[in-house]
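Next come the chains, spelled out residue by residue.
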Amino acid sequence: MAGIRLLVLSVPETECISMEHQDACFKLQQIKFASTRLTVSALRATDEELYLEVMTSPLCMQHISAPLSIKHAEKNFSTVLRLKQQEQQQFLFSVALTESGQKIGIASVDKLDLKAKSADLGRILLPQWHGQGFGTELSHLLILWLGADLGIKRFTKHIRNSNISAIESAKKLGFRLVRTKAVSSQPDISLYLYTPN
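Notes on the structure in this doc start here. (Residues numbered from 1 in each chain as written. Predicted model: local features only at pLDDT ≥ 70, side-chain atom pairs only at ≥ 80, totals over all residues. Heavy atoms only, no water.)

### A short note on the environment of alanine 73
Checked against the element boundaries, alanine 73 lands in helix H4 (residues 70-83). Under the relative-accessibility criterion, alanine 73 is labelled buried at 0%. Placed 22 residues apart in sequence, alanine 73 and tyrosine 51 show a C-alpha to C-alpha distance of 7.7 Å. The contact partners of alanine 73, leaving out residues within four places of it in the chain, are Tyr51, Leu52, Met55, Thr56 and Leu68. (Helix = DSSP H or I, 4+ residues; strand = E, 2+ residues; numbered from the N terminus. Buried < 20%, exposed > 50% of the residue type's maximum accessible area, 1.4 Å probe, protein only. Contact = heavy atoms within 4.5 Å.)

Right under this line is the structure:
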């Protein structure tokens, strides 16, 4: 995997409650980091077109949920931006090619727990960028950054059993299957765990 370099941007401070969580919120909302192939930045208002394309795409959403309507996706995007100003446990990022700046997907850090030093990782790439190793590289970048900057030591992924490429990607990074559970009428979802040495 390519090396990681952190590029910190200046943005207004958030209104998180605890000082530790406030510091983490600030870092997650201002961060921009990159490898030789990918650049990951906190989701901004300028990322609305990317968000709408991802969330309304049947191919992008096939292993997550039904694609959203444009109106629903627009409403969700507004909510995501508004929640960035409050204490939160989920953070969204835009993902772009480092060389060209072309946006290719969205990453998430969910269930961030600084006391337990854990976080759940997610990603959705536009279909034309599947099968090129970008998803694996993106997860690796998130693990490196969260471990180095926030001391996160326990990473999880919730992956549908039908998403074979995401399962293979997780296993390449060292994630192991913890359990599989059925969620109402939806396909089984498996929990994968990675704890770096």
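### What to know about the side chain of serine 190
Here serine 190 shows up in strand S9 (residues 186-194). Of the polar contacts made by the side chain of serine 190, one reaches the side chain of asparagine 161; its length is 2.5 Å. When sequence neighbours within four positions are dropped, the list of residues in contact with serine 190 reads Lys157, His158, Ile159, Asn161, Leu177, Arg179 and Thr180. (Polar contact = N/O pair within 3.5 Å; in protein donor to acceptor, adjacent residues only side chain to side chain.)

### Quick notes on the packing of aromatic side chains
For any two aromatic rings, the description comes down to two numbers: the centre-to-centre distance and the angle of the planes. Summed over the entire model, instances satisfying the criterion amount to five aromatic pairs. Aromatic pair phenylalanine 175 and tyrosine 194: ring centres 5.5 Å apart, planes at 35°, arrangement tilted. Taken together, the positions of phenylalanine 175 in the loop between helix H6 (164-172) and strand S8 (176-183) and tyrosine 194 in strand S9 put the pair 19 residues apart, joining distant regions of the chain. Stacked on the ring of phenylalanine 175, the Lys or Arg lysine 157 has its end atom at 5.8 Å from the ring centre. (Phe/Tyr/Trp six-rings, centres within 6.5 Å; stacked < 30°, edge-to-face > 60°. Lys NZ or Arg CZ within 6 Å of the ring centre and 35° of its normal.)

### Here we look at the pairing of strand S3 (residues 38-42)
Across the five residues that make up S3, a large majority, five, are buried. Alternating residues of S3 divide into Leu38, Val40 and Ala42 and Thr39 and Ser41, and every residue in both groups is buried. The pairing of strand S2 (residues 31-34) with S3 spans three bridges and is antiparallel. Residue pairing for S3: phenylalanine 33 is matched across the bridge by valine 40. The hairpin formed by S2 and S3 contains three residues between the paired strands. Pairing between S3 and strand S4 (residues 91-97): five bridges, direction antiparallel. Counted as the bridge partner of valine 40 is valine 95 from S4. (Pairing = 2+ DSSP bridges.)

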